[in-house]
Amino acid sequence: MPAQRKSIPIAPVLLVLMTALVFARWGEARERTEPLPSWNGGAAKAAVISFVDSVTSGPGALPPEERIVVTDNDGTLIVEKPRYVQYSFVLDRVRELSWNSPPWRNSEPYRAIIDGNREIIDSLSGKDAVAIDDTIHEGITGEAYRAAAARWLGTARHPRFSRPYPALVYQPMRELLQYLVSRGFKVYICSAGSTEFIRALAPSAYGIPFERIIGSEVVTRFTMDDGRPLITRTSQHMPFVEREYKPLYIQQRIGRVPVMAIGNSNGDVEMFQYVKGRKGPSMALLLHHDDGDREYCYDGGAEKALELAGKSGWTTVSMKKDFRKIFPFEKPSERK
C-alpha cells in the first residue's frame, strides 16, 4: 500500500500568512505616513523631528522667510566614493572630446586619462578634476554643459553598484529634504561642486530647483553671436565653495543665516559654525560614513568635523545605526 500522506493543518498556515500580510501592510503604511521612514528610531531622528517641530509650530515658530536650510552635496546627499561624481564625469568627458584633437590632448594629465593610466588618474585631486573640467569646457554655454552632464548622468554606471549615479542618492537624506520642504523650509545646496553640474542633477534627484544651488563657478563672459546673446564659460575659476568660503557665499546669495546646516566633512565645519552661531534656534547635522557593507566606511576628510561635533552640539548621524536603508533600491532593515 502507498504511504499515507500526512495532512497539514490549514488554520496555522493561514494564521502565519495573515500575520505576514498584516506586517507587510503595516510597513507600507509606515513608509507612507511616518516622517523619515527610512530612518531608524533613535536620537538622531528624534532630534531632527523635535527641532523641526520647535521652529515650525507653537510659540517658538520662525516666520517662513527664516526657515532656511543649507546642505552639502557630495557624500551628504549622494555617494562620493571611489571618487566624486563630477570627477567621474570629467574623466569620461576627456575621453569623449579627445577625438577632436584639442590642444590639451597631448599634455598631462589629459593623455594619462585617455590612456587609462590608473596611477596618474588616482593621484588627481578634486580640484585637479575641476581644473580639467574648466579647460575642456571653455567656450560653451551653461546650458550646453548642463545637457552634457545630464546625458552622462543618464548612462554612466557606478563601478561598485553598477547603477546610474542618480540611483545612488541617499534615500534617508532625500526624505529629510522632502520633510523639511513640507514644513515650510527653503533648502539650498552649498557645495564645492560646479553649479551647472549640480543643476543637471538636483531638480530630479532632490527636488531642489536651479536657483537654490550655491556651487563653485567659473568666470563667464557675455558676447553677441550673430545677433544672439550668449554667456559662455572661461577656464578661469572663482574660489571654491568650501570651508570658510561656504559662509561667505551663503551670505552673498541668501543674505540670511540659515537655521540648519547639513554636511559630512571638514569642508563643512565653517558652515556649521556659521549656522550654530546665529541668534535663536539652529541645528548642525553631520553625516558619518560608518557602513562599509551597504556603502563605504571612512573618516578621512572628516576628522576635524567628527572631533568638533561632540564639543559643539552638532548632531551626528550614523549611516550604520540611523539608516534603515541607504539607497532607494535597498530593502529596509532595522539596525541596532
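Residues numbered from 1 in each chain as written. Predicted model: local features only at pLDDT ≥ 70, side-chain atom pairs only at ≥ 80, totals over all residues. Heavy atoms only, no water.

### Some points on the sheet that holds strand 3 (residues 213-216)
As a reminder of what qualifies: The criterion for strand pairing is that DSSP finds at least two bridges linking the strands in question. Each helix is a run of DSSP H or I of at least 4 residues and each strand a run of E of at least 2, with the numbering of both proceeding from the N terminus. The convention used is that axes are lines fitted to C-alpha atoms, helices contributing only their stretch in contact, and that angles between N-to-C directions extend from 0 to 180 degrees.
Judged by pairing direction, the sheet is parallel, and its six strands sit side by side in the order 3-2-1-6-7-8 without closing on themselves. Only two strands of the sheet have a single neighbouring strand rather than two, namely strand 3 and strand 8 (315-318). On average, each strand axis in the sheet is inclined to that of its neighbour by 20°, with strand direction left out of account. In this sheet, strand 8 lies alongside strand 7 (residues 283-288) in parallel orientation, the contact comprising four bridges. Counterpart to leucine 285 in the pairing with strand 8 is threonine 315.

### Examining empty space enclosed by the protein
Rolled over the atoms, a probe with the dimensions of a water molecule shows which regions are left empty. Note the threshold: The rule is simple: put a 1 Å grid over the protein atoms alone, call a set of points where a 1.4 Å probe fits but cannot get out a cavity, call an open set with protein on both sides within 12 Å along at least five of seven lines a pocket, and count a residue as lining if it has an atom within 4 Å of a point. Grid points are joined across faces, edges and corners, and a volume is the space filled by probe spheres set on the points. We call Asp, Glu, Lys and Arg charged. Ala, Val, Leu, Ile, Met, Phe, Trp, Tyr, Cys and Pro are nonpolar, and the rest, Gly among them, are polar.
By the definition in use, this model includes two cavities of 30 Å³ or more. Roughly 40 Å³ of internal volume is contained in the largest cavity. The wall of the largest cavity is formed by Asn73, Asp74, Val85, Gln86, Gly193, Phe197, Ile198 and Leu201. Those elements that provide at least two residues to the lining of the largest cavity are helix 3 (85-97) and helix 9 (195-205). If you tally residues by element for the lining of the largest cavity, the top one is helix 9, at three residues. In the lining of the largest cavity, the residues fall into four nonpolar, three polar and one charged. Its boundaries defined by the atoms lining it, the second largest cavity holds a volume of some 30 Å³. Contributing to the lining of the second largest cavity are Asn264, Leu287, His288, His289, Tyr298, Ala302 and Leu306. For the lining of the second largest cavity, a count of residues per class yields four nonpolar, three polar and no charged.

### Observations regarding the pairing of strand 2 (residues 186-194)
Operational definition: Classification of residues uses two cut-offs on accessible area relative to the type maximum, computed with a 1.4 Å probe and protein chains only: under 20% is buried, over 50% is exposed, and between them is partly exposed. Crossover handedness is defined here as right-handed if the route from the first strand over the helix to the second strand goes clockwise, with the strands pointing away from the viewer.
Most of strand 2 is tucked away, with seven of its nine residues classed as buried. The pairing of strand 1 (residues 68-71) with strand 2 spans four bridges and is classified as parallel. Residue pairing for strand 2: threonine 71 is matched across the bridge by isoleucine 189. Here strand 2 runs beside strand 3; their pairing, made up of three bridges, is parallel. Pairing of serine 194 across the sheet is with serine 216, part of strand 3. With respect to chirality, the unit in which strand 2 leads through helix 9 into the neighbouring parallel strand 3 is right-handed.

### Looking at the nonpolar core
Condition: Here, nonpolar core means buried Ala, Val, Leu, Ile, Met, Phe, Trp, Tyr and Cys residues that are tied together by side-chain atoms lying within 4.5 Å of each other. The contact criterion used throughout is that any non-hydrogen atoms of two residues lie within 4.5 Å.
Core analysis: the largest hydrophobic core is formed by 67 residues, its most contacted members being Leu176 and Tyr206. Every residue in contact with tyrosine 206, bar those within four places of it in the chain, is listed here: Asn73, Leu77, Ile78, Val169, Leu177, Ile189 and Leu201. Grouped together as the second largest cluster of nonpolar side chains are 20 residues, Ile214, Phe272, Ala284 and Ala305 included.

### Comments concerning the packing of aromatic side chains
The condition is simple: Pairing of aromatic side chains requires ring centres within 6.5 Å, counting the rings of Phe and Tyr and the six-membered ring of Trp. Pairs whose planes differ by under 30 degrees are stacked, by over 60 edge-to-face, and all others tilted.
Scanning the entire structure with this criterion turns up 13 aromatic pairs. The interplanar angle of 65° and the centroid separation of 5.7 Å between the aromatic rings of phenylalanine 89 and tryptophan 152 together place this pair among those described as edge-to-face. Of this pair, phenylalanine 89 sits in helix 3 while tryptophan 152 sits in helix 7 (residues 142-155), and the two are 63 residues apart along the sequence. No difference in accessibility class separates phenylalanine 89 from tryptophan 152, as the two residues are buried. Each ring, one from phenylalanine 89 and one from phenylalanine 197, has its centre 5.3 Å from the other, and the planes form 40°; the classification is tilted. Here the residue phenylalanine 89 occupies a position in helix 3, and phenylalanine 197 occupies one in helix 9, the gap between them amounting to 108 residues. There is no split in this pair, since phenylalanine 89 and phenylalanine 197 are both buried. Among the aromatic residues, those joined into a cluster by ring pairs are Phe89, Tyr145, Trp152, Tyr165 and Phe197.

### With respect to the packing of helix 3 against helix 7
When two helices pack together, their arrangement is captured by the angle between the axes and the distance separating the axes. So the rule is basically this: Angles are sorted into four bins: roughly parallel if under 35 degrees, roughly antiparallel if over 145, roughly perpendicular if 65 to 115, and oblique for all others.
Axis separation between helix 3 and helix 7 bottoms out at 11 Å; the angle between their running directions is 100°. Viewed along their axes, helix 3 and helix 7 adopt a mutual orientation that is roughly perpendicular. Contacts from Val85, Gln86, Ser88, Phe89, Asp92 and Arg93 in helix 3 reach Tyr145, Ala148, Ala149, Arg151, Trp152 and Leu153 in helix 7. When the residues that make up the contact of helix 3 with helix 7 are grouped by side-chain class, the tally is seven nonpolar, two polar and three charged.

### With respect to the side chain of aspartate 72
Heads up, the rule is: The definition of a polar contact used here is a pair of N or O atoms within 3.5 Å, where within protein one atom must be able to donate a hydrogen and the other to accept one, and adjacent residues in sequence count solely through side-chain atom pairs.
Within the secondary structure, aspartate 72 sits in the loop between strand 1 and helix 3. In this structure the side chain of aspartate 72 is engaged in a polar contact, spanning 3.0 Å, whose partner is the side chain of threonine 76. Among the polar contacts made by the side chain of aspartate 72, one reaches the side chain of lysine 246 at a distance of 3.2 Å. Setting aside anything within four residues of it in sequence, one finds aspartate 72 in contact with Leu77, Cys190, Ser191, Lys246, Ile262, Gly263, Asn264, Asp268 and Met271.

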